[in-house]
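Descriptive structure summary
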Amino acid sequence: MAAETGTPTTLTLKSNDDELFSVAESAAILSVTIRNMVEDGCAGGVIPLDNVDGKTLASVITYMNGISAIPADEEKKKSYRDKFLSDKDFETLADMVLAANYLNMSCLMDAVSAKIAQVMEKKSVGWVRRKFGIENDYTPEEEAAVKEEHKWTFEGVETDDDN
Amino acid sequence: MAKLSDDLILRIISRLPLKSAVRCKLLSKNYNVIISTAKFGRLHALRSSNPTVFHCPAVNSRSFTRIDPLSGSDPISTALPIGISILASCNGVLLARIDCYNEYHVLNPITGGATVVDHRIGRSQDIALAVDLVNPISLSSKFQFKLVTFDVNPNPTRYWSTLRFAVVVHSGAPIPAGYPATVVKPEVVFKCKNFARMADRSIRPVYAHGCVHWLGDDAESIVSFNVVKEKPRITDGPLKNGSLNKDAAAGGGGGKWFGVAQGSLQFVHGSPEVIVVYKHDYANDRWRVSHKIGNIYNPRAVINNHGTPVLFDGQRLFVRLGKRIYVHCSD
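Within an unreviewed UniProt entry, the label attached to chain B reads F-box domain-containing protein, and the organism entered is Erythranthe guttata.

As annotated in an unreviewed UniProt entry, chain A carries the name SKP1-like protein and comes from Erythranthe guttata. In its Function (unreviewed entry) section, the UniProt entry covering chain A states "Involved in ubiquitination and subsequent proteasomal degradation of target proteins. Together with CUL1, RBX1 and a F-box protein, it forms a SCF E3 ubiquitin ligase complex. The functional specificity of this complex depends on the type of F-box protein. In the SCF complex, it serves as an adapter that links the F-box protein to CUL1." Listed in UniProt under the heading Pathway (unreviewed entry), the comment for chain A reads: "Protein modification; protein ubiquitination."

Here you go:
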């Protein structure tokens, strides 16, 4: 790699559905997972990312390029992140959490988690269960008892048939 | 959509405002258990984008104050009816006394839950509240708290003092027949050489790491009482050690504050020129200077019996002076 100073190094990433993406090394190493591979010298050919599909990886790479183009200015980075996430739906955000976790990108992980939290803040318990695929193992009596105990937390919550 | 693991979902829940996070206990039994743990409480406290601080500044306080430091709005003080005083606070829960009946209540101002302490607390020099559960959201079946009263009598003719601790354990659980809700433990008496007086009454005992801590006079020593093992211990305070004394001198005998921030005991010592923040290193059991704050926005709002620090987030120190919050920043 040392011989290649001057020309920006490009890495090739492969999603689990076999799409190939080119990305500048300087942007890709925002992912600690990729940075470790580069440092270990495993980045010569194609880097396979078995846990990320092509659609999500394309988004993540857009983010990598966008955020690494911003100089060290936390305000501007934050507004870029807000704008980047503003048009993503819940399913896309959830896929991005998984990808950010796998790629070990803490800044994206924090931003996406916060965004999902913002979306679910006023949603009903039923909505959250459906979206995350959580099985309700309470009996109706148990559920009523827990709900009664935490009545104060249900002020201002959307009703269950909201989406 | 791929399914997220419980761990990832909990990381998202930890970013919700408190009310929404607690509502997630209803998702399933597993989430109810996890969200009730101290570990989750700490995670939530660290992540929360707008921490709320309950602040009751002194013993026999007639009001308590709710502060959202990051929202920029003024703190909301709630005056209590005449005849009710707040004696102690811990993890958002308050211990109040109804003076005319000499009756004690533990209450949660967020949920409105309250429970009566059916034990006469005697002459208490200094009372502390220890809520083991870090998630005392509702005064529910799992709720338990301990009250520790502490009394120090320096012996005028000798060089040691007698410390007395009395512990009352109160369970909020539905009481099985024959099992008392309140358990009064035998008094613990401890003699020691290096603790003569408590700091002045404006410095309240603090609950952290399973112990209640009282700051000694001049912050030279600390009495810690382990509420589980029911054992007292005396340790050096933040201003004991020689190297720290220089910083204290630089701070020039200003106001003092003792509390918990970011999971550690902290001691703040201020003068109009500089505010020094000391942090207790729990692993090594020693105090060190963590920050010196020189950018003092309003010298009157230094901790000099006027202003009281309410929150330190590692960079900004929020000081309450009357109804306003002032922010001092470290460099």
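Moving on, there is more to tell.
**Structural notes on the packing of helix α3 (residues 54-68) of chain A against helix α4 (residues 74-86) of chain A**
Residues and elements named next belong to chain A. Between α3 and α4, the shortest axis-to-axis distance is 10 Å and the interhelical angle comes to 155 degrees. Viewed along their axes, α3 and α4 adopt a mutual orientation that is roughly antiparallel. Seen along the crossing, α3 lies across α4 with a hand that is right-handed. For the pair α3 and α4, contact is made by Ser59, Thr62, Tyr63, Gly66 and Ile67 and by Lys77, Tyr80, Arg81 and Phe84, respectively. Of the residues that constitute the contact of α3 with α4, the class distribution is 4 nonpolar, 3 polar and 2 charged.

**Here we look at the sheet that holds strand β16 (residues 231-236) of chain B**
All names here are of chain B. Taken in spatial order, the 4 strands of this open sheet run β13-β14-β15-β16, and their pairing is antiparallel. Strand pairing shows two members of the sheet lacking a second neighbour, β13 (206-208) and β16, which therefore form its edges. Between one strand and the next, the sheet's axes are offset by a mean angle of 30 degrees, whatever the strand orientation. Relative to strand β15 (residues 221-226), strand β14 (residues 211-215) runs antiparallel, the two sharing 5 bridges. By the bridge assignment for β15, Val212 is matched with Phe225.

**Points about the packing of aromatic side chains**
Considering all chains together, one arrives at 10 aromatic pairs over all chains under this definition. Ring geometry for Phe90 of chain A against Trp127 of chain A: centres 5.3 Å apart, planes inclined by 80 degrees, an arrangement best described as edge-to-face. Placement of the pair is Phe90 of chain A in helix α5 (residues 90-103) and Trp127 of chain A in helix α7 (residues 125-132), with a sequence separation of 37 residues. Across the pair, exposure class does not vary: Phe90 of chain A and Trp127 of chain A are buried alike. Judged by centre distance (4.6 Å) and plane angle (40 degrees), the rings of Phe150 of chain B and Trp214 of chain B are tilted.

Cut-offs applied
Residues numbered from 1 in each chain as written. Chains lettered and ligands numbered in written order. Predicted model: local features only at pLDDT ≥ 70, side-chain atom pairs only at ≥ 80, totals over all residues. Heavy atoms only, no water. UniProt positions renumbered as here; feature names shortened; annotations may be inferred. Axes fitted to C-alpha atoms, helices over the stretch in contact; angles between N-to-C directions. Helix = DSSP H or I, 4+ residues; strand = E, 2+ residues; numbered from the N terminus. Parallel < 35°, antiparallel > 145°, perpendicular 65-115°, else oblique. Left-handed = near helix turned anticlockwise from the far one by under 90°. Contact = heavy atoms within 4.5 Å. Nonpolar A, V, L, I, M, F, W, Y, C, P; charged D, E, K, R; others polar. Pairing = 2+ DSSP bridges. Phe/Tyr/Trp six-rings, centres within 6.5 Å; stacked < 30°, edge-to-face > 60°. Buried < 20%, exposed > 50% of the residue type's maximum accessible area, 1.4 Å probe, protein only.

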